[in-house]
Amino acid sequence: MLIHEVTNREVELPEILNTVGRVADDLGLEAYVVGGYVRDLILDRSSKDIDFVCVGSGIALAESVKKALGKKANLAVYKNFGTAAINFGDFELEFVGARKESYRSDSRKPIVENGTLADDQNRRDFTINALAICINADRFGELIDPFGGLEHLKQKLIKTPLEPDVTFSDDPLRIMRAIRFATQLQFDIDSDTFRGIVNQKDRIKIISQERITDELNKIILSKVPSYGFKLLFTCGLLETIFPQMQKLHGVRKVNGKAHKDNFYHTLQVLDNISIATDNLWLRWSAILHDIAKPATQRFNDKVGWTFHGHEDLGAKWVPRIFKKLKLPLNDKMKYVQKLVKLHLRPIALVNEEVTDSAIRRLLYETGEDIDDLMTLCRADITSKNPDKVRRYLANFKKVENKIKEVEERDHLRNFQPPISGETIIETFGIKPSRVVGEIKSAIKEAILDGEIKNQEEEAFQLMISLGKSYGLSPKSN
Ligand code: CTP
């Protein structure tokens, strides 16, 4: 069957496929495009990464394609892997000879031999990733689909081409990939395939944390990431790869009083925030905002369940979790830590008479991340009762307006006190000392409390009078 008959729409195959096909014909090689590119072509998700397989030497094909494409093409050859890559404009072209693979139990690195196209399709992870399109001139556009991948694309189904235990045991990263593709494409996982995942999940231990986290981040960046976490939870993998999140699951009841299930609440917050932002780190802050709730959970006869200090403890855990998951230990981590720590603050402002001073303090602590903090807090408003959510959101809007008003007036984003330590030292002719810090902090407090404006002149006057109370007077020049 030809590719345009398969897709039932005008599919424009890029000219580059004809070029590679012609070169393959000249070399007398059978050549195909395979894997993710074919899947995405049928799903109408455009991609510029194209994998070519030929029956013969992938490197020889790539070298001839480079010659045909001329100066604009950059070729890299990986002799050890028997592969080659060409960068050509927006395109990333990968070339490999068709392979047959066999695996040992202690490694995901296969023993590789030359093989046929059928061997190559056999070794692939899912039926939807095992489709190939021939690019030789006489069969151009012919789809080779030995495992019903096309039907599974229609059914929205992730299924392994071989016995699931074999596919997952050979390469356990595919467990994460199955869940990632299901989440990204909003597909189901076939029940036998899911059973294979459950059987083989402990083999994930031979996979590096970086690769696992790479897949996890792709799940988190999907449209509805909660689906992936539910699959990870159900197959039993969440407990291994992210035990702190697993611990959020469950509800305890004392004297008939239960609390929210923090796992499902967190997933709701994550889905909510994913509508508002594609920022991976803001999505991570949603995942981690309540992470320390189980550890701080107490029951009190009068007020029921409390989670005092979960925001501080959660923020303290962030570096540990980032280190374990091999997430970057840099400003991204600090950003997530800050948002976890401050996530209750705007909500608290909803419940009280909002003073300018409380808003100024929040602006001072969040700096340029105030908008992201507000996005997190808005996403955190979840309840089974829609009226309650509506009421909360309306009050929350008031806080947002107030923040805008105070910010426009007082210019507190990235607030730097208008009087520096050096100015204090210079003015009074004193040495660096505790007094300098105290005067500086009293000026900051006066600005945040609204006693003086965020302005150098007023701050300078206050500094002079604060100096007096320490027995200091400006030195005369
Ligand atoms: N593949 C596999 N097992 C793996 C990784 C990859 O069988 N553990 C095969 C699949 O056929 C896949 C192809 O190699 O389609 C290319 O892999 P990759 O580029 O990682 O994934 P894509 O399917 O292209 O999807 P994405 O770009 O979204 O990762």
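Worth saying up front: this structure is predicted, and the values here are computed from it rather than measured.

Leftover empty space is mapped by rolling, across the atoms, a probe with the size of a water molecule. Approximately 1,700 Å³ is the volume found for the largest pocket. Taken together, 44 residues make up the lining of the largest pocket; nearest its centre are Asp 51, Glu 94, Arg 108, Arg 123 and Arg 177. Elements with a contribution of two residues or more to the lining of the largest pocket: helix H3 (36-42), strand S2 (49-54), strand S4 (83-88), strand S5 (91-97), strand S6 (99-102), helix H8 (173-185) and helix H10 (209-220). Per element, the largest residue contribution to the lining of the largest pocket is six residues, and it comes from H8. Split into classes, the residues belonging to the lining of the largest pocket amount to 14 nonpolar, seven polar and 23 charged. Along the wall of the second largest pocket there are 24 residues; nearest its centre are Lys 260, Lys 293, Leu 344, Ile 347 and Tyr 392. Of the residues in the lining of the second largest pocket, the class split is nine nonpolar, 10 polar and five charged.

On to the sheet that holds strand S8 (residues 132-134), then. Pairing in this open sheet of seven strands is mixed, and the strands run S3-S4-S5-S2-S1-S8-S9 from one edge to the other. The open sheet is flanked by strand S3 (73-78) and strand S9 (143-144), the only strands paired with a single partner. Examined bridge by bridge, strand S1 (residues 31-34) and S8 share three bridges and lie antiparallel to one another. When the bridges of S8 are listed, Val 34 appears paired with Ala 132.

Attention now goes to the site of the ligand. Taken together, 13 residues form the shell around the ligand, and within it Arg 39, Arg 124, Asp 125, Asp 171 and Arg 180 come nearest. The separation between an oxygen atom of the ligand and a polar main-chain atom of Asp 125 is 2.8 Å. Contact distances for the ligand include 3.0 Å between an oxygen atom and a side-chain N or O atom of Arg 180. Compared with its free state, where it exposes 560 Å², the ligand has 70% of that area covered by protein. Taken together, the elements giving at least two residues each to the shell around the ligand come down to H3 and H8. If one sorts the elements of the shell around the ligand by residue count, H8 sits on top with four residues. For the shell around the ligand, the per-class residue count stands at one nonpolar, three polar and nine charged.

Here S5 lies mainly inside the structure; five of its seven residues are buried. Pairing of S2 with S5 involves six bridges; the strand directions are parallel. Looking at S5, one finds that Val 53 is bridged to Val 96. Two strands pair when backbone bridges link them, and S4 and S5 are joined in this way by six bridges, in the antiparallel orientation. Considered in S5, the bridge of Thr 83 is made with Val 96. Connecting the antiparallel pair S4 and S5 is a turn made up of two residues, with Gly 89 showing a positive phi of about 60 degrees.

Here is what the cut-offs are and how they apply
Residues numbered from 1 in each chain as written. Predicted model: local features only at pLDDT ≥ 70, side-chain atom pairs only at ≥ 80, totals over all residues. Heavy atoms only, no water. 1 Å grid on protein atoms, 1.4 Å probe; cavity = no way out; pocket = protein on both sides within 12 Å on 5 of 7 lines; lining within 4 Å. Points joined across faces, edges and corners; volume = space filled by probe spheres on them. Helix = DSSP H or I, 4+ residues; strand = E, 2+ residues; numbered from the N terminus. Nonpolar A, V, L, I, M, F, W, Y, C, P; charged D, E, K, R; others polar. Pairing = 2+ DSSP bridges. Near = heavy atom within 4 Å. Polar contact = N/O pair within 3.5 Å; in protein donor to acceptor, adjacent residues only side chain to side chain. Areas by Shrake-Rupley, 256 points an atom, 1.4 Å probe, with all protein chains shown as cover. Buried < 20%, exposed > 50% of the residue type's maximum accessible area, 1.4 Å probe, protein only.

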